[in-house]
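Spelled out from the first residue to the last, the chains are:
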Amino acid sequence: MRLDVYIPLVLSVLLAAISPAIGRRLAPAPATRALTLAAVLSAASTTWALLLLSATLITEAPPVEAQAREDGQHLADPVPQAVACAALLALALVAYRLHRVLRAQHAMRRALRKLTANHPSGSELIVIDSPVPQAFAIPGSPGSPGRILASSSMLSALEPAERRVLLAHERAHLTHRHARLSAGAALAAAANPLLTPVHTTVTFLIERWADEHAAHTVGDRDTTARALARAALTAHRSRPARRLNFTDRAVTARIAALRTTPPPDLRAVAAVVLAIGAFAALGAADATDDLVELLTGALPR
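Residues numbered from 1 in each chain as written. Predicted model: local features only at pLDDT ≥ 70, side-chain atom pairs only at ≥ 80, totals over all residues. Heavy atoms only, no water.

Draft legend 1. Just the overall build of the protein chain, in detail. Across its full length, the protein chain carries eleven helices and three strands. Put simply, the protein chain runs from its N terminus to its C terminus through helices and strands in the order α-α-α-α-β-β-β-α-α-α-α-α-α-α. Every one of the 301 residues in the protein chain was classed for burial, and the buried ones make up 41%. Sequence separation of at least 24 residues holds for 76% of the intrachain contacts in the protein chain that already meet a minimum separation of 6. With an accessible surface of roughly 16,000 Å², the protein chain has 64% of that area assigned to carbon and sulfur atoms. (Helix = DSSP H or I, 4+ residues; strand = E, 2+ residues; numbered from the N terminus. Buried < 20%, exposed > 50% of the residue type's maximum accessible area, 1.4 Å probe, protein only. Contact = heavy atoms within 4.5 Å. Areas by Shrake-Rupley, 256 points an atom, 1.4 Å probe, with all protein chains shown as cover.)

Encoded structure:
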């Protein structure tokens, strides 16, 4: 088997390496879409490449070897047997990781449905009486629209203009179906851990996208930045023992981004990102042709 089978792996490393720069320099909406789609294509391609590498073990099966000897053929190993066995183990790990992510996503959806079960279906905003300041979007399902849940403590901590920012931010998550993009990036990282930096970048960009949507809706970037800062400080004060973590640093970066002009919508850069995912898929397709040709000549007729 030629080197085509390893192309998706190499391109996954490249995609992971450039994703932080893409997230900083490109408008959040096209960057999120491009990185998520490229990550899904790359993850699918690497998983298929692992399957192809594992399939080469078929040529090691005794009936295949016996048939080849009868036909006077010598079957060269397409890849070292150790590589094929490692690929098989990696496939099992991929299946386990995907199962965990899917199970977690299902549990989250079920928990969110319970939160909205006792509230009127026609209300977009659900306010809960809770001392924990929080707000988040609850994605819709067939026959059920998306909802916004906010605690009374979070709403009371914000000024009226800042509450409009909060609602516009969460509404952006629903309008642009950010939950699907987040799930796609999470599944891609589960299938291919090399794409974890892409998942991290997409998670950040989704929030940036909602920030920009809110700033455009209220027409004031400073008010949007102030609302974000106040909400983050309010949430932090409710958990004073918590140390600075990724979320805090990400909020700081989001506030700084709102203090500057919006990043450019460079479609050419987004196209390059998508091309990486497409080339990964092409590499997997070429490797498939190689394996089919190999097995066609090796399997008993």
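After that view of the structure, there is still more to cover.
Draft legend 2. Structural detail: the layout of surface pockets. By volume, the second largest pocket amounts to about 330 Å³. If you go around the second largest pocket, you meet 17 residues; those closest to its centre are P20, G23, R24, F204 and A253. Of all the elements in the fold, those that place two or more residues in the lining of the second largest pocket are α1 (7-25), α8 (196-218) and α10 (246-258). It is α8 that provides the largest number of residues to the lining of the second largest pocket, a total of five residues. A breakdown of the residues in the lining of the second largest pocket according to their chemical character gives nine nonpolar, six polar and two charged. (1 Å grid on protein atoms, 1.4 Å probe; cavity = no way out; pocket = protein on both sides within 12 Å on 5 of 7 lines; lining within 4 Å. Points joined across faces, edges and corners; volume = space filled by probe spheres on them. Nonpolar A, V, L, I, M, F, W, Y, C, P; charged D, E, K, R; others polar.)

Draft legend 3. How the structure looks around a nonpolar patch on the surface. Together, L9, V13 and L194 make up an exposed nonpolar region whose accessible area comes to about 240 Å². Along the chain, L194 falls in the loop between α7 (178-191) and α8. (Patch = residues over 30% accessible without salt bridge, like charges linked within 9 Å, V, L, I, M, F, W, Y side chains within 5 Å. Salt bridge = Lys/Arg side-chain N within 4 Å of Asp/Glu carboxyl O.)

Draft legend 4. The arrangement of the side chain of D211 in detail. Looking at the element boundaries, D211 is found in helix α8. The exposure class assigned to D211 is buried, which follows from its relative accessible area of 2%. Residue contacts for D211: discarding those within four places in its chain leaves H169, T224, L228, R254 and L258.

Draft legend 5. Representation of the packing of α8 against helix α9 (residues 221-237). Interhelical geometry of α8 versus α9 gives an angle of 130 degrees and a closest axis separation of 8 Å. Of the possible angle classes, the one that applies to α8 and α9 is oblique. For the pair α8 and α9, the crossing hand works out as right-handed. Contacts between α8 and α9 pair D211, E212, A214, A215 and V218 from the former with R221, T224 and L228 from the latter. Residues of the contact of α8 with α9, tallied by class, amount to four nonpolar, one polar and three charged. (Axes fitted to C-alpha atoms, helices over the stretch in contact; angles between N-to-C directions. Parallel < 35°, antiparallel > 145°, perpendicular 65-115°, else oblique. Left-handed = near helix turned anticlockwise from the far one by under 90°.)

Draft legend 6. Examining the nonpolar core more closely. Counting residues in hydrophobic clusters, the biggest one holds 27 residues, and the most contacted among them are L15, L35, L195, V198 and V273. Counting only elements with at least two residues in this core, the list comes to α1, α2 (28-55), α7, α8 and α11 (267-298). Of the residues forming this core, the biggest block, seven residues, is contributed by α2. Apart from residues no more than four positions distant in its own chain, L195 is found in contact with S12, L15, A39, S42, A43, A188 and A189. (Core = buried A, V, L, I, M, F, W, Y, C linked by side-chain atoms within 4.5 Å.)

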